[in-house]
Amino acid sequence: MSEPNPNSNGQQQQQPKRRFHIPTVEEIENSRLEVEKRLAPMETMQQISIDMSTSTLQKPAETSVPETAQPAGTSPLSATSATTATSNSNSNNNNNNQSNASITRPSYNQSVLVNDVQRGNPLLACIRNVRWSYSKEILSDFVVGRFACVLFLSIKYHRLHPEYIDKRISALGKSFRVRVLLVHVDTEDSKLPLREINRTALLGDMTMLLAWSLEEAGRYIESLKMFENRLPDIIKERVEDSHMARVNNALTSVRSVNKTDVLTLSSNFGSFTSIANATVDEFNMCPGFGDQKAQRLFKACNEPFISEN
């Protein structure tokens, strides 16, 4: 006979939902101290390995055996082979020491490193196009490259703990070249908190990125990882060097002026100086120009860049 099932009435027990644990400032500080304690013996071992490899390299590669020290019945060829074997063993030991020193160094090229305090963050479920792994040896929330890191902050958490981001940026120091503060805008009234966070990011030498959803924040982290070795030329504006292209770019910045109007102005006035010195009546005589468009172009060419008010 099988034991009766207490859930035989068809109702399944509901599993308690796992809530995301937001680390406090004290937990972050304790985690940083643990990382420093853990890295201290590793740095000591690396220094010892480097010292051993340096001392090995300073030794002569070959040692000549005097003829009087050779035992009877030993040929010079066997003495030379023994010397070569000794030098090979020294080089092998040197390579092993260097390989052991390189193993202890974390690698940033394979995947995104996620701080262990972010375990359970729903943002991790939105990072799908790149690999990521937990690490207890980083001070930032995400490491997306050898010289790039990301700190994650939500506005709701900032309202509860306004001092949190200041301490995180101070603990981070100047260890990365690209420092991103990824802010999740999860409240409707976010104007004042964003102003405070922007000031903190500016003083801490951080670049602030705003995400209105966790999916958008995950795409930001994926893009930072995938483009870590790309040049910034792909996002730079491409402006042609010809004179006509520059005139076209300058005049089309005026509202309602298109490329056809630029060709009309160039054929009627002949130069950019003549266009800038033209009057409203002269603009109205051009085909395709009305009074409103002529007034806008005249103001763009004659009004000062800085208003007196």
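How each quantity is defined
- Residues numbered from 1 in each chain as written.
- Predicted model: local features only at pLDDT ≥ 70, side-chain atom pairs only at ≥ 80, totals over all residues.
- Heavy atoms only, no water.
- Helix = DSSP H or I, 4+ residues; strand = E, 2+ residues; numbered from the N terminus.
- Buried < 20%, exposed > 50% of the residue type's maximum accessible area, 1.4 Å probe, protein only.
- Contact = heavy atoms within 4.5 Å.
- Areas by Shrake-Rupley, 256 points an atom, 1.4 Å probe, with all protein chains shown as cover.
- Phe/Tyr/Trp six-rings, centres within 6.5 Å; stacked < 30°, edge-to-face > 60°.
- Lys NZ or Arg CZ within 6 Å of the ring centre and 35° of its normal.
- Pairing = 2+ DSSP bridges.

Peer 1: Sorry, what's going on with the overall build of the protein here?
Peer 2: Along its length, the protein carries 11 helices and 6 strands. For the protein, the residues scored as buried account for 31% of the 309 residues in total. Put simply, of all contacts in the protein between residues at least 6 apart along the chain, 62% involve residues at least 24 apart. Counting every atom, the protein has about 21500 Å² of accessible surface; 52% of that belongs to carbon and sulfur.

Peer 1: Can you walk me through the packing of aromatic side chains in this structure?
Peer 2: Counting across every chain of the model gives 4 aromatic pairs. Three or more aromatic residues joined by ring pairs form one cluster here, namely Phe269, Phe283 and Phe289. One residue, arginine 119, lies across the ring of tyrosine 134, its end atom 3.8 Å from the ring centre. Sitting over the face of the ring of phenylalanine 289, lysine 293 holds its NZ or CZ atom 5.3 Å from the ring centroid.

Peer 1: Please explain the pairing of strand β1 (residues 112–115) as it appears in this structure.
Peer 2: Moving residue by residue along a regular strand, the side chains alternate between the two faces of the sheet. Because side chains alternate across β1, one face comprises the buried residues Val112 and Val114, and the other comprises Leu113 and Asn115, equally buried. Two strands pair when backbone bridges link them, and β1 and strand β2 (residues 132–135) are joined in this way by 4 bridges, in the parallel orientation. Paired with leucine 113 across the two strands is serine 133, which belongs to β2.

Fair warning: the whole summary comes from geometry, so function is off the table for now.
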